[in-house]
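Overview (structure and organization)
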Amino acid sequence: TMQRSRPFLISNLSRVLGQINLDISSDSEDDDDGLEFDSRPLTFTSRSMLRKWLQQAERRIRLNEIVQPLILQSRGGECEMCLSRNLLQVEPMYSLEAMDQQFIFQHGDEIDQVLWKKFWQMNQHYHTICLPCIQRRTKREQNELIEDNVSSDEPGLLAKEGKLNQTN
């Protein structure tokens, strides 16, 4: 039945897509209803902060591209928590940002690919963990945060710590 209805489905699909394209092109011509954003010039401080942020982001993207093959190669054969062999992920022990800060401290700002790779290999360690274990860990961490927030909101606890002013 799929073979027999194929021409019918194709013609209807092309008609629907044609109609959608007309709707999209008619909307794009009428830009008066769009949002207007404030276009005030940036202050020197704001411009400097944005440039610094952009430079850091570009640097970290470049550093990540250099070490990504090393990260992928370090994947173990099984999950370190449950010994599963399915859906394995590699988690570096230290963040890229922390490694970059240490690299800058030891070697300066300039990126030397060979030196960065060598530094990464000497200082980075990895964990191979499956996705279900990552999900369980994330859920447990979220529950702990929720419990911490709930327990810190209890008046009895605050009164015991002397943080709640009691007026008689």
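The text that follows walks through the structure, step by step, so that each part is easy to find.

Reading the values: rules and limits
Residues numbered from 1 in each chain as written. Predicted model: local features only at pLDDT ≥ 70, side-chain atom pairs only at ≥ 80, totals over all residues. Heavy atoms only, no water. Core = buried A, V, L, I, M, F, W, Y, C linked by side-chain atoms within 4.5 Å. Buried < 20%, exposed > 50% of the residue type's maximum accessible area, 1.4 Å probe, protein only. Helix = DSSP H or I, 4+ residues; strand = E, 2+ residues; numbered from the N terminus. Contact = heavy atoms within 4.5 Å. Expected span 1.5 Å × (residues − 1). Arc of directions from axis to C-beta. Bend = angle between axes of the 7 residues up to and from the residue. Phe/Tyr/Trp six-rings, centres within 6.5 Å; stacked < 30°, edge-to-face > 60°. Axes fitted to C-alpha atoms, helices over the stretch in contact; angles between N-to-C directions. Parallel < 35°, antiparallel > 145°, perpendicular 65-115°, else oblique. Nonpolar A, V, L, I, M, F, W, Y, C, P; charged D, E, K, R; others polar. Polar contact = N/O pair within 3.5 Å; in protein donor to acceptor, adjacent residues only side chain to side chain.

Turning to the nonpolar core, a few remarks are in order. Ranked by internal contacts, the top residues of the largest apolar core, which has 13 residues, are Val67, Trp116 and Trp120. Going through the elements one at a time, helix H2 (44-73), helix H3 (96-107) and helix H4 (113-123) are the ones with two or more residues in this core. For this core, the leading source of residues is H2, giving five residues. Discounting residues that sit within four places of it in the chain, Trp116 has contacts with Leu63, Ile66, Val67, Leu96, Met99, Asp100 and Phe103. In terms of nonpolar packing, the next biggest core, distinct from the first, is built from six residues, Cys79, Leu88, Cys130 and Ile134 among them.

So, on to H3. Compared with an ideal rise of 1.5 Å per residue, which puts 12 residues at 16 Å, H3 spans 16 Å between its outermost C-alpha atoms and is within 8% of the ideal. Looking only at H3, the buried set comprises Leu96, Met99, Asp100 and Phe103. Looking straight down H3, one finds its buried side chains confined to an arc of 100°; they lie on one side. Along H3, exposed side chains directed more than 90 degrees from the buried face belong to Gln101 and Phe105. Looking at the buried residues of H3, the elements they touch are H2 and H4. Where H3 terminates, the next one or two residues include Gly108, which has phi positive at roughly 95°.

The next point concerns H2. Its 30 residues give H2 an end-to-end C-alpha distance of 44 Å, which sits within 8% of 44 Å, the value for a rise of 1.5 Å per residue. The principal kink in H2, of about 45°, is found at Val67, preceding the proline Pro69 by one to four residues. Looking at the packing, one finds that the buried side of H2 touches strand E1 (88-92), H3, H4 and strand E2 (126-130).

To continue, consider the packing of aromatic side chains. One pass over the structure, following the stated rule, counts four aromatic pairs. Ring geometry for Phe103 versus Phe119: centroids 5.4 Å apart, planes at 65°, classification edge-to-face. Residue Phe103 is found in helix H3, and its partner Phe119 is found in helix H4; the two are separated by 16 residues along the sequence. Assigned by exposure class, Phe103 and Phe119 land together as buried.

Attention shifts here to the packing of H2 against H3. When two helices pack together, their arrangement is given by the angle between the helix axes and by the axis-to-axis distance. Their axes nearest at 11 Å, the elements H2 and H3 cross at an angle of 100°. In terms of their interaxial angle, H2 and H3 are classed as roughly perpendicular. Contacts from Arg59, Arg60, Leu63 and Asn64 of H2 reach H3 at Leu96, Glu97, Asp100, Phe103 and Ile104. For the contact of H2 with H3, the per-class residue count stands at four nonpolar, one polar and four charged.

Here the focus is the side chain of Gln124. The topology assignment puts Gln124 in the loop between H4 and E2. Of the residues examined, Gln124 reaches a relative accessible area of 3% and is grouped as buried. From its side chain, Gln124 meets the backbone oxygen of Tyr94 in a polar contact 2.9 Å long. When neighbours within four sequence positions are excluded, Gln124 is seen to be in contact with Pro92, Met93, Tyr94 and Met99.

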